[in-house]
There are 2 protein chains.
Amino acid sequence: MKFTVTILGSGAAKPTGERLSSAHVLNVHEHFFLIDCGEGAQISMMKHGIPIQKIDHIFISHLHGDHYFGLIGLLNTMHLLSRKNELHLYCFPELEKIISLQLTTSETQLTFKLKFHFLNNKKSEMIMENKYVSVISFPLKHRIPTCGFRFTEKKRSRNIKREFVLQHKIPVEWFPRILSGEDFIDEHGFIHKNEDIVRIQSVSRSYAYCSDTAFDETIIPAVKDVSMLYHEASFSDEHESVASQKFHSTSRQAAMIAMKANAGTLIIGHFSARYKNAGILTSQAKEIFENTIEAFDGLTVEVDS
Amino acid sequence: MKFTVTILGSGAAKPTGERLSSAHVLNVHEHFFLIDCGEGAQISMMKHGIPIQKIDHIFISHLHGDHYFGLIGLLNTMHLLSRKNELHLYCFPELEKIISLQLTTSETQLTFKLKFHFLNNKKSEMIMENKYVSVISFPLKHRIPTCGFRFTEKKRSRNIKREFVLQHKIPVEWFPRILSGEDFIDEHGFIHKNEDIVRIQSVSRSYAYCSDTAFDETIIPAVKDVSMLYHEASFSDEHESVASQKFHSTSRQAAMIAMKANAGTLIIGHFSARYKNAGILTSQAKEIFENTIEAFDGLTVEVDS
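Here the structure is a predicted model, which means the values were calculated and not measured. (Residues numbered from 1 in each chain as written. Chains lettered and ligands numbered in written order. Predicted model: local features only at pLDDT ≥ 70, side-chain atom pairs only at ≥ 80, totals over all residues. Heavy atoms only, no water.)

Chemist: Please set out the pairing of strand β1 (residues 3-9) of chain A residue by residue, giving values where relevant.
Modeler: All names here are of chain A. Counting buried positions along β1 yields 7 of 7 residues, so the element is predominantly enclosed. In terms of strand pairing, β1 meets strand β2 (residues 23-28) through 6 bridges, oriented antiparallel. Note on β2: the bridge partner recorded for Ile 7 is His 24. Sheet topology places β1 next to strand β18 (residues 300-302); 3 bridges connect them, and they run antiparallel. When the sheet's bridge partners are listed, Val 5 is paired in β18 with Val 301. (Buried < 20%, exposed > 50% of the residue type's maximum accessible area, 1.4 Å probe, protein only. Helix = DSSP H or I, 4+ residues; strand = E, 2+ residues; numbered from the N terminus. Pairing = 2+ DSSP bridges.)

What follows is the structure, given as structure tokens:
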């Protein structure tokens, strides 16, 4: 089953010709989740084959423009495409006012319902759950209220125990019945309870998004053992004090969080426009955490467990 | 002296991978004027070499999102680049509220002054004038208050009359003095009044922007004899009734305005996303007005007198 992330924008506050501002799309079993929505995100989605109308949940980390300026355009396009499905928006409250003012001004009555869910930047909270995924928000340390998000796939694999299969002759039509939870009645009329013959394993994969944030070890419990961690890495070692002043991180600090949290993979991005080439940021991160991927616009990565 | 227009976005309300929403940049003697600012305009400017910080005047025709959703991102980038020069914004009043709310939410205090000039959609008005250009706004017929703009270059060429040059021996150092307005004193001490020996010719070029609008002949006086007319052409003949319902124009209607106004050249754009290829719109316009140019993103055209 699919679990991928596509980076639509790997740049920071000032977009460049090469890097748009922040926007990530998660594809969890063909359900699409948008995390942040910088300017141009919808155009980038069109280029990278993301089905806009299949996005039902949008998560906006904070209200610096490079994380949401593309949202109103995306909503407008969904409207023009006559979207009917409800859209869930997880954000800080001021965004509702901003969107509402823009819609009122253009006399637009959306064709779909927009449901707001407000974030709490004081503590970690479960903010969404369905049968495929659960999402937790947690506070980040930035200049204005900001949350990170952790997406955890809900997947439990059911297999008939190997030793049972070897010992019993199971008619082929019984396999789906057993896997769907039925007890098995053998040729002698003996009932084998489902829980005795089926093994249930949890194989959930997870993705955490931490942007924007200063270096902050208090987030480690929230991202502990995550399969893939995206952590902003706006600056190199050389600009560590600038990073600290602006409540951003260096790539080395991102790597330290990945290491301490025992993440599987680290993706770094949100690179300041001052770096024409992010190679230096990646190499500094890799000194701490080898399994680091440098984000670029259009990158799609499989999230492994 | 330069007078060009660059089309940054030739699409309509729904941007596509090929066509961004509306944004035009006029370069009048290296002074840059931005007309409308759809999403992604700043990124398009970077790609097409438009010097963002040299834009001192921005004109927003109306408050449908495809004409202004890129503005807040552009202002943010100007701010991040530490712009100091005052920026003039010509628009309808609600835009001030929208920008103000977004800046307040992100706790951004711009590094430059933003001066608003509100448009009047009841009558034509001179809204800007400097020594290079004058700008007139005029009402368009759209679903919400909308204005078109006409930019007229102020250029008066001064030449010493050819017959005077042939009759008199003018020392070379006198040429710039005469051209700057001085009377000429000849070798006999005779004073030749400047106005008798200099010919002043007006060679002004002009550009008019009409988007969005239904077909409306009342705009003809405002765009009469314009060197270059940009007129929206959202639809083809086939969708004329849709155009009318939505207060948009067909390309044939755009051409009729160009013809009746005696425009030099017509540019058509704001093509509905339903047309993968705008060729049909261009050929229908050319049946009425041969000198028609089909807009595309990145097109730069010289405005001729």
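Chemist: Residues and numbers for the environment of Gly 269 of chain B, please.
Modeler: All names here are of chain B. For Gly 269, the location among the structural elements is in strand β16 (residues 265-269). Given a relative accessible area of 0%, Gly 269 falls into the buried group. C-alpha separation for the pair Gly 269 and Phe 118, spaced 151 residues apart in sequence, amounts to 26 Å. Beyond its immediate stretch of four places on either side in the chain, Gly 269 contacts Ser 10, Tyr 230, His 231, Glu 232, Ala 233, Ser 234 and Ala 295. (Contact = heavy atoms within 4.5 Å.)

Chemist: Describe helix α9 (residues 251-261) of chain A, naming the residues involved and giving the relevant values.
Modeler: Residues and elements named next belong to chain A. Burial in α9 covers these residues: Ser 251, Gln 253, Ala 254, Ala 255, Ile 257, Ala 258 and Ala 261. Buried residues along α9 sit in contact with α7 (220-223), β15 (228-232), α8 (240-245), β16 (265-269) and α10 (279-286). One or two steps after α9, the chain reaches Asn 262, where phi turns positive at roughly 60°.

Chemist: Break down the sheet that holds strand β15 (residues 228-232) of chain B for me, citing the residues and quoting the values.
Modeler: Residues and elements named next belong to chain B. If you walk across this open sheet you meet the 7 strands as β7-β8-β9-β14-β15-β16-β17, and the pairing is mixed. Each edge of the sheet is formed by a strand with only one pairing partner; in this case those strands are β7 (125-129) and β17 (292-294). Within this sheet the neighbouring strands show an average axis-to-axis angle of 20°, counted without direction. Pairing geometry for β7 and strand β8 (residues 133-139), over 4 bridges, is antiparallel. By the bridge assignment for β8, Glu 125 is matched with Ser 137. Running at roughly 175° to β17, helix α10 (residues 279-286) makes contact with β16 and β17 of the sheet. (Axes fitted to C-alpha atoms, helices over the stretch in contact; angles between N-to-C directions.)

Chemist: Mind laying out the side chain of Thr 292 of chain B, listing which residues take part and the relevant values?
Modeler: Residue and element names in this part refer to chain B. Turning to its location among the elements, Thr 292 is positioned in strand β17. Among the polar contacts listed, one links the side chain of Thr 292 to the backbone oxygen of Phe 289, at a separation of 2.5 Å. Once residues within four sequence positions are removed from consideration, Thr 292 is found in contact with Leu 266, Ile 268, Ala 285 and Lys 286. (Polar contact = N/O pair within 3.5 Å; in protein donor to acceptor, adjacent residues only side chain to side chain.)

Chemist: Provide a residue-level description of the packing of helix α2 (residues 71-80) of chain B against helix α3 (residues 94-105) of chain B, including the pertinent values.
Modeler: All names here are of chain B. Packing of α2 against α3 brings their axes to within 11 Å, and their N-to-C directions diverge by 55°. The orientation of α2 relative to α3 falls into the category oblique. α2 and α3 meet at a crossing whose hand is right-handed. Judged by residue contacts, Leu 71, Ile 72 and Leu 75 of α2 engage Leu 95, Ile 99, Gln 102 and Leu 103 from α3. Here the contact of α2 with α3 is built from residues that sort into 6 nonpolar, 1 polar and no charged. (Parallel < 35°, antiparallel > 145°, perpendicular 65-115°, else oblique. Left-handed = near helix turned anticlockwise from the far one by under 90°. Nonpolar A, V, L, I, M, F, W, Y, C, P; charged D, E, K, R; others polar.)

Chemist: Provide a residue-level description of the pairing of strand β3 (residues 31-35) of chain B, including the pertinent values.
Modeler: Residue and element names in this part refer to chain B. Of all the 5 residues making up β3, 4 are buried; the element is thus mostly covered by neighbouring parts of the structure. Inspection of the sheet shows strand β2 (residues 23-28) paired to β3 by 5 bridges, in the antiparallel sense. Bridged to Val 25 within β3 is Leu 34. Between the antiparallel neighbours β2 and β3 lie 2 residues, among them His 29 with a positive phi of about 55°.

Chemist: With reference to specific residues and values, describe the relation of the copies chain B and chain A.
Modeler: Each copy superposes on the other: chain B lies on chain A with an RMSD of 0.1 Å after a rotation of 180° and an axial shift of 0.1 Å. Expressed as a symmetry operation, the mapping of one chain copy onto the other fits a two-fold axis. For chain B, the residue whose C-alpha comes nearest the rotation axis is Gly 40 of chain B, separated from it by 2.7 Å. Mapped onto chain A, 100% of the interface residues of chain B are again interface residues, and the two copies thus contact each other with one and the same surface. (Least-squares fit on C-alpha atoms with pLDDT ≥ 70 in both.)

Chemist: Run through the interface of chain B and chain A, naming residues and quoting values.
Modeler: Taken together, the contacts link 34 residues of chain B with 34 residues of chain A. Together chain B and chain A conceal approximately 2,900 Å² of surface at their shared face, both sides included; 66% is due to carbon and sulfur atoms. Among the residues chain B hides against chain A, the three largest losses belong to Glu 39, Phe 69 and Thr 105 of chain B. Together they make up 20% of the total. Where chain B meets chain A, there are 0 salt bridges. Summed over the shared surface of chain B and chain A, the result is 6 residue pairs in polar contact (both at pLDDT 80 or more). Elements with a minimum of two residues in the side of chain B that touches chain A: α1 (41-47), α2 and α3 of chain B. Sort the elements by how many residues they give to the side of chain B that touches chain A and α3 of chain B lands first, with 6 residues. Residues that form the side of chain B that touches chain A fall into these classes: 15 nonpolar, 12 polar and 7 charged. (Buried area = accessible area lost by both parts, 1.4 Å probe. Salt bridge = Lys/Arg side-chain N within 4 Å of Asp/Glu carboxyl O.)

Chemist: Go over the nonpolar core, please, and point to the residues and values.
Modeler: In terms of nonpolar packing, the biggest core is built from 120 residues, with Tyr 207 of chain A together with Tyr 207 of chain B touching the most fellow members. Counting 28 residues, the second largest nonpolar core, distinct from the first, contains Val 223, Val 226, Val 242 and Ala 261 of chain A. (Core = buried A, V, L, I, M, F, W, Y, C linked by side-chain atoms within 4.5 Å.)

Chemist: Tell me about the sheet that holds strand β8 (residues 133-139) of chain A, residues and numbers included.
Modeler: All names here are of chain A. Read across the sheet, 7 strands follow the order β7-β8-β9-β14-β15-β16-β17 without closing on themselves; strand pairing throughout is mixed. The open sheet has two edge strands with one neighbour each: β7 (125-129) and β17 (292-294). The average angle at which neighbouring strand axes cross in this sheet is 20°, direction not considered. One ladder, built from 4 bridges, connects strand β9 (residues 147-153) with strand β14 (residues 206-210); its direction is antiparallel. Paired with Arg 150 across the bridge in β14 is Ala 208. Packing against the sheet, α10 makes contact with β16 and β17, and its axis sits at approximately 175° to β17.

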